[in-house]
Amino acid sequence: MTEINIQNIVASTKFADKLDLDVIAQSIKEAEYEPEQFPGLIYRLKEPKTATLLFTSGAANCTGAKSIDDVKLNIKIIAGKLETIGIEVFKDHEIVIQNIVATSDLGGELNLSEVAVALGLENVEYEPEQFPGLVYRLSVPKVALLLFGSGKIVCAGAKKIEDVDSAVEKVLKELTLLKLLRK
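As the structure is a computational prediction, the values presented were derived from the model and not from experiment.

Participant: Account for helix α2 (residues 68–84), with residues named and values stated.
Facilitator: Helix length check: α2 (17 residues) gives 25 Å between terminal C-alpha atoms against 24 Å at 1.5 Å per residue, within 8%. Along α2, the residues that are buried comprise Val71, Asn74, Ile75, Ile78, Ala79 and Leu82. The buried side chains of α2 occupy one side of the element, clustering within an arc of 125° when seen end-on. Along α2, the residues that are exposed and aim more than 90 degrees away from the buried face are Asp69, Lys76 and Thr84. Packing partners of the buried residues in α2 comprise β1 (4–14), α1 (21–27), β3 (41–45), β4 (50–54) and β5 (59–65). Within two residues after α2, glycine 86 carries a phi angle of roughly 90°, on the positive side.

Participant: Help me get a handle on the environment of isoleucine 75, residues and values and all.
Facilitator: Relative to the assigned elements, isoleucine 75 resides in helix α2. With relative accessibility at 4%, the residue isoleucine 75 sits in the buried group. Remark: the alpha-carbon pair of isoleucine 75 and serine 12, spanning 63 residues in sequence, is separated by 9.5 Å. In this structure, isoleucine 75 is in contact with Thr13, Phe15, His93 and Ile95, ignoring residues within four places of it in sequence.

Participant: Run through the sheet that holds β3, naming residues and quoting values.
Facilitator: Strand order in the open sheet formed by ten strands is β2-β3-β4-β5-β1-β6-β11-β10-β9-β8, with antiparallel pairing between adjacent strands. Of all strands in the sheet, those with a lone pairing partner are β2 (31–32) and β8 (124–125), marking the two edges. Across four bridges, strand β10 (residues 143–147) lies against strand β11 (residues 152–158) in antiparallel orientation. The partner of leucine 146 across the bridge, within β11, is valine 154. Contacts from α2 reach β1, β3, β4, β5 and β6 (96–105), with the element oriented near 115° to β3.

Participant: Lay out the pattern of salt bridges with the relevant residues and their values.
Facilitator: Side-chain pairs of opposite charge can arise where the charged atoms are in close proximity. Considering all chains together, one arrives at six salt bridges under this definition. Among the ionic pairs, glutamate 32 bridges to arginine 44, the shortest N-O distance being 2.9 Å. On the criterion of sequence distance, the pair formed by glutamate 32 in strand β2 and arginine 44 in strand β3 is long-range, its members being twelve residues apart. Judged by its relative accessible area of 35%, glutamate 32 falls in the partly exposed class. We classify arginine 44 as partly exposed; its relative accessible area is 44%. A salt bridge links glutamate 114 to arginine 182, with the nearest nitrogen and oxygen atoms 2.7 Å apart. With glutamate 114 in helix α3 (residues 112–119) and arginine 182 in strand β12 (residues 181–182), this pair connects stretches of sequence that are 68 residues apart.

Calculation notes
Residues numbered from 1 in each chain as written. Predicted model: local features only at pLDDT ≥ 70, side-chain atom pairs only at ≥ 80, totals over all residues. Heavy atoms only, no water. Helix = DSSP H or I, 4+ residues; strand = E, 2+ residues; numbered from the N terminus. Expected span 1.5 Å × (residues − 1). Buried < 20%, exposed > 50% of the residue type's maximum accessible area, 1.4 Å probe, protein only. Arc of directions from axis to C-beta. Contact = heavy atoms within 4.5 Å. Pairing = 2+ DSSP bridges. Axes fitted to C-alpha atoms, helices over the stretch in contact; angles between N-to-C directions. Salt bridge = Lys/Arg side-chain N within 4 Å of Asp/Glu carboxyl O.

And the structure:
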C-alpha cells in the first residue's frame, strides 16, 4: 500500500444556536475578530495546530487538522474554552468532514500527456502551459487527483480517509495496468 500523508482536514460543527463573537473576542486572548474585514472570529490552537472560524450562527469550521482525532480534540478544546467564559454550548457536536487533502508518491515518473490520453479526456484536465499538473476527477470515490510528472499526487475533495486510500490505490492500479508509471 502506498504511503498517504494527510495535509489538511476541513470539518464543520455547531457549538450553539448563536454565539456573541464580541464577548468571545474580549474574553479569549487568542481570538482574532475584525468584523469589518471578515464576519467570523478566528481561534487558533497551537496543539493540535488548527484554526477554527466561529460564526454568530453558532456554526464553526475547523481547518488545519492532520487527523480526525485532531478535529475532535480541537472541537473539545474550543467547547471547553467557551464554557469557561460562561457560554452554554451543545453537549454533542455533530462533526461533518467537508474536505480532506492528502499527498502521496506513486514511486515512479509519469508522462502526463500519455496519462491524459490513456485516462480519458472526459475525466482529465491537462493544460501544461497553465499548470504543471494533470487533474483527474474520479466519480467513485468523488475526489480530484492532481498528478505530477514526478509521480507525486495530491488528493482533494475526500470526505473520508478511506476515500483517499481508495482513490490513490485506484489510480496506481490504472497507471500500472496501462504501463504509464516509469520506475
